[in-house]
Amino acid sequence: MKGLIVTAAIGLLATGCSLLPAPPPPIPAPAPPPPPPTVRQIVVEAPPEQPPPRPPPPAIEPPTAITEALIDEARVLDNAGSPSEAAATIEQAIRIEPRRGELWLQLAELRLRDGQAAMAEQNARKALLFLRAGSPEERGAWLLIADAREAQGDFETAEGIRFQWDAPND
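This text gives an overview of the structure that appears in the document.

What counts and what doesn't
Residues numbered from 1 in each chain as written. Predicted model: local features only at pLDDT ≥ 70, side-chain atom pairs only at ≥ 80, totals over all residues. Heavy atoms only, no water. Helix = DSSP H or I, 4+ residues; strand = E, 2+ residues; numbered from the N terminus. Buried < 20%, exposed > 50% of the residue type's maximum accessible area, 1.4 Å probe, protein only. Contact = heavy atoms within 4.5 Å. Areas by Shrake-Rupley, 256 points an atom, 1.4 Å probe, with all protein chains shown as cover. Arc of directions from axis to C-beta. Axes fitted to C-alpha atoms, helices over the stretch in contact; angles between N-to-C directions. Parallel < 35°, antiparallel > 145°, perpendicular 65-115°, else oblique. Nonpolar A, V, L, I, M, F, W, Y, C, P; charged D, E, K, R; others polar.

1. Digging into the overall build of the chain
A count of helical and extended segments in the chain gives seven helices and zero strands. Secondary structure elements of the chain, listed N to C terminal, follow the sequence α-α-α-α-α-α-α. Across the 170 residues that make up the chain, the buried fraction comes to 28%. By sequence separation, contacts in the chain at least 24 residues apart represent 46% of the contacts at least 6 residues apart. About 12900 Å² of surface is accessible on the chain, with carbon and sulfur atoms providing 63% of the total.

As structure tokens, this is what we get:
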């Protein structure tokens, strides 16, 4: 009987051991800290710089003889009642001197007279890129934009532009 008790005790111990939860997995060792930064790894941000000053406007170059001839031809065509042909001639002059704001402004005027108000506004806005700020040509471009906006039915914007440039509504 003693043997039976010992066997039962051993059986209980063996069974009891299997009921115990398994030990948790070992916790991995923490990763070593990264090495200190080397000189090449250090990034020093410079304070933001002021934007470079705006370059002066390009010197106004005298118009070429070809451009002047095209302008004269466009004037003749416009006086003859052909604003679309006159516009095509000014476009030829613009291909020769694309940075000449006066040409873009003339094209805008011709487009407006030809009933192409949206195109006239685009051309006048392009002219503003090349015209001197505060010049009479700039004022003329804005007033032409006002006329184009009015022709497109945007009376409020046209009035605002005219008010800003101090021009009465004609």
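Let us keep going from here.
2. Concerning helix α7 (residues 155-164)
Along α7, the residues that are buried comprise A158, I161 and R162. Buried residues in α7, looked at end-on, bunch into an arc of 100°, giving them a common side. For α7, the exposed residues set more than 90 degrees away from the buried face come down to E156, E159, F163 and Q164. Among the structural elements, α6 (136-151) are those in contact with the buried residues of α7. Among the residues trailing α7, D166 stands out with phi positive, at a value near 55°.

3. Quick look at the packing of helix α2 (residues 65-79) against helix α3 (residues 83-96)
Packing of α2 against α3 brings their axes to within 8 Å, and their N-to-C directions diverge by 170°. The angle between the axes of α2 and α3 places the two elements in the roughly antiparallel class. For the pair α2 and α3, the contacting residues are I66, T67, L70, I71, E73, A74, L77 and D78 in the first and P83, E85, A86, T89, I90, Q92, A93 and I96 in the second. Considered class by class, the residues forming the contact of α2 with α3 number 10 nonpolar, three polar and three charged.

4. Concerning the side chain of D78
Inspection of the secondary structure puts D78 in helix α2. The buried category is assigned to D78, whose relative accessible area is 19%. Residues contacting D78, with those up to four places away along its chain left out, are P83, A86, L110 and R113.

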